[in-house]
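An overview of the molecular structure
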Amino acid sequence: MSASSIIAGALAFSSAFATTLQAADPLPSWNDTVPKKAIVAFVEKVTKPGSPDFIPVPERIAVFDNDGTLWCEQPMPVQLYFVVDRVKALAPQHPEWKDKEPFASLLKGDMKTALAGGERALLELVMATHAGMTAAEFEQTVTDWIATAKHPKTGRLFTDMVYQPMLELLAYLRANGFKTFIVSGGGIEFMRPWTERVYGIPPEHVVGSSVKTKFEMRDGKPVIVRLPEVNFIDDKAGKPIGIHEHIGRRPVAAFGNSTGDQQMLEYTQGGGGARFELLVLHDDAAREFAYGPARGLPDVKSGTFTPALDAHAKQDGWTVVSMKDDWKQVYPAPQSAVTAIDILLEPDATMLRHAEANNARLLEVNPKTFALDAAHRPHITMLQAFVRTADLDQVYAAAGRVIAGSNANDMRLEAFKYYYAPAGAVGVAGICAKPSPQILELQADIIAAVSPFMVERGPIAAFTASHDDPAMDAGMIEYVAAYVPKYAGQHFNPHVSTGAAPKEYLDKMLAEPFESFRFSPAGAAVYQLGPFGTAAKKLKGWDLKH
């Protein structure tokens, strides 16, 4: 099959056709070594119906430490940089800090002396800089800081110092029905403002250390006020407690990098049945930092991976990832100035039922086709376009206003036929909806709202990944660039893709009587496009349910 026929068939009509032709590697930044094989083997056995190790979807809970597991923690944890900046910003209001430790040393740039007091000194700094304001004020302070704060060694934003292999792992688990949680010693309210944007983990899935709070009325408005008193330390033995109190289910998979995570992994393993535990070993001084002191690596004060922890992992069968040997890359590629997006509608339970039924019959005749799951969510594409990355927040706001004002959840769409787009010996099938005046108006309004932020075309870096095939990359770029004139308005074909099968089978399916049904949108979202036009990475979502 030629690249051009794949592009024509897959991109014009399907967001997931690639899986019928080529199994996409869910962990492309991982070397094909023992850890990657162990991850894939675990996921496959616990998600296969009928397997003795099968785990029902509600029980698929995966927990991740943050510092040193999902992003860089050296030469000191990111939240400590935030504390330093807050002390400097607040110093004019506290002249007494010039002569009071640990503030005096910190203001002089002497971090070693400032933190010589250990946990007590750190807590004093945190209490002085994190308390006294409302929760909303603190959230805004963190949001403003994290948007511009950069790592002192690399000069990259801290939010770009995340580990690409772990981002892929998070996505892979979610695509297989897992709920992913952060369970970190870091502050819960420090992490919640940005984890969804950076990791795809919503604030309600973040467990961390916290200060005490109280409710009060300020200027006639109800607020939560942060108090200068520790409420909970989510580290070491505190992590299982945090999981119990915030999540309410014992995890089946746990990921960490230090002695602070040991009890979390022990708690996970102690649940019985199929379990998976993994530790990241920082042994790559060239691409990141090397520290242990396990395996002769340098000792550090935070993120300690001791010989005892190394031995414990070996004894209990935990997977240890060598950053140097097991990861092809550490950090994501620099963000492109342009992003390829898909603004889409997510259908209600009625359409989901029909789409899943059709997908099931296609899987019977073509087991290699995609299943409708977290990686291939049924949806109706409204717009594909290139937009300026710097304008993404404005894109979300503009699209959100249109969707909020459209009463899209009251829209009644009529599904009236099957279709398929031929590509060689197979075809990509789906269920078509009639292009009603309401959905056409909504599409036009979305295009009008987003058009000020659109650019004519973008590079392959605008997508989550390339095809490693110049012809296919070029075809995908051309398709997105031409979406509005060629596939919108009078050319719009609203549909939900359901799978692929041999054309001979699909011809018979289309000849069958189709019992039309009505459905409504239940949600809307903006995704970043991936290879073969997949809606690969969710950037923003809206719930349209009543």
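This text goes with the structure placed above it.
All values reported here derive from a predicted model rather than from experimental measurement. (Residues numbered from 1 in each chain as written. Predicted model: local features only at pLDDT ≥ 70, side-chain atom pairs only at ≥ 80, totals over all residues. Heavy atoms only, no water.)

**Thoughts on the pairing of strand β16 (residues 535–543)**
Both faces of the sheet carry side chains from a regular strand, because those side chains alternate between them. Just so we agree on the cut-off: Pairing between strands is defined by DSSP: at least two bridges between the two strands are required. Numbering goes from the N terminus for both helices and strands, where a helix is a DSSP run of H or I of at least four residues and a strand is a run of E of at least two.
One ladder, built from seven bridges, connects strand β15 (residues 521–529) with β16; its direction is antiparallel. Bridge assignment links Gly523 to a residue of β16, and that residue is Asp543. If you look at the hairpin formed by β15 and β16, you'll find five residues sitting between the two strands, and Phe532 has a positive phi there, around 60°.

**Side note on helix α16 (residues 349–365)**
Quick note on the threshold: Residue count minus one, scaled by 1.5 Å, sets the expected span of a helix. Buried means the residue's accessible area, taken with a 1.4 Å probe over protein chains only, is under 20% of the maximum for its type, while exposed means over 50%, and partly exposed covers the values in between. The reported arc concerns the directions from the helix axis to the C-beta atoms and nothing else. When checking whether two residues touch, look at their non-hydrogen atoms; a contact exists if any pair is within 4.5 Å. We call two N or O atoms a polar contact when they sit within 3.5 Å, provided that within protein one can donate a hydrogen and the other can accept it, with sequence-adjacent residues counted only if both atoms are side-chain atoms.
Between its terminal C-alpha atoms α16 stretches 25 Å, which fits the 24 Å expected from 17 residues at 1.5 Å a residue. Considered for burial, the residues of α16 that qualify are Met351, Ala355, Asn358, Asn359 and Leu362. Across the axial projection of α16, the buried residues extend over an arc of 105°, all falling on one side. Exposed and facing more than 90 degrees away from the buried side of α16 are Ala349, Arg353 and Glu364. On its buried side, α16 packs onto β8 (338–347), β10 (413–423), β11 (426–433), β13 (495–502), α21 (503–511) and β14 (517–519). Measuring from the backbone nitrogen of Thr350 back to the side-chain oxygen at the start of α16 gives 3.2 Å, which picks out Asp348 as the cap.

**Brief notes about the packing of aromatic side chains**
Rule in force here: The pairing test for Phe, Tyr and Trp rings, Trp by its six-membered ring, is centres within 6.5 Å, and the orientation test on the planes gives stacked under 30 degrees, edge-to-face over 60, and tilted for anything in between. The criterion is that NZ of a Lys, or CZ of an Arg, lies within 6 Å of the ring centre and within 35 degrees of the ring normal, and then a charge sits over that ring.
Taken as a whole and assessed by the stated rule, the structure comprises 24 aromatic pairs. Consider the rings of Trp97 and Phe103, whose centres lie 4.4 Å apart with planes at 5°: the pair is stacked. Like Trp97, the residue Phe103 is buried in the burial classification. Cluster of aromatic residues (ring-pair linked, three or more members): Trp71, Tyr81, Phe82, Phe138, Trp145, Phe158, Phe190, Trp194 and Tyr199. A cation sits over an aromatic face here: Arg226 above Phe138, 3.9 Å from the ring centre. Here Lys434 stacks its cationic end above the ring of Phe416, 5.7 Å away from the centre of that ring.

**Points about the sheet that holds strand β2 (residues 179–187)**
Put simply, the rule is: Axis geometry follows a simple rule: fit a line to the C-alpha atoms, using only the stretch in contact for helices, then measure angles between N-to-C directions, giving values from 0 to 180 degrees.
If you trace the seven strands from one edge of the open sheet to the other, you get β4-β3-β2-β1-β5-β6-β7, paired in mixed fashion. Where the open sheet ends on each side, the last strands, each with one partner, are β4 (221–232) and β7 (319–322). Averaged over all pairs of adjacent strands, the angle between strand axes in this sheet comes to 30°, irrespective of strand direction. Relative to strand β6 (residues 276–281), strand β5 (residues 253–256) runs parallel, the two sharing four bridges. The residue of β6 that forms the bridge with Ala254 is Glu277. With respect to the sheet, helix α9 (residues 164–175) is in contact with β1 (61–64), β2 and β5, its orientation differing from that of β1 by roughly 165°.

**Some remarks on unusual backbone geometry**
Between Gln74 and Pro75 the backbone carries a cis peptide bond, its omega angle lying at 5°. In this fold, Pro75 is placed in the loop between β1 and α4 (78–90). A cis amide bond, omega 5°, links Glu101 with the succeeding residue Pro102. Within the fold, Pro102 resides in the loop between α4 and α5 (103–107). At Arg295, a position not held by glycine, the phi torsion is positive, near 60°. Along the chain, the position of Arg295 falls in the loop between β6 and α14 (307–316). We classify Arg295 as exposed; its relative accessible area is 54%.

**Some thoughts on the sheet that holds β10**
Strand order in the open sheet formed by four strands is β13-β11-β10-β14, with antiparallel pairing between adjacent strands. Looking at which strands have only one partner, the edges of the open sheet turn out to be β13 and β14. Each adjacent strand pair in this sheet contributes to an overall mean axis angle of 40°, direction not counted. In this structure, β11 lies alongside β13, joined through seven bridges in antiparallel fashion. Following the sheet pairing, Val426 is matched in β13 by Pro502. Strand contacts of α21: β10, β11 and β13, with the helix running at about 155° to β10, the strand carrying the most contacts.

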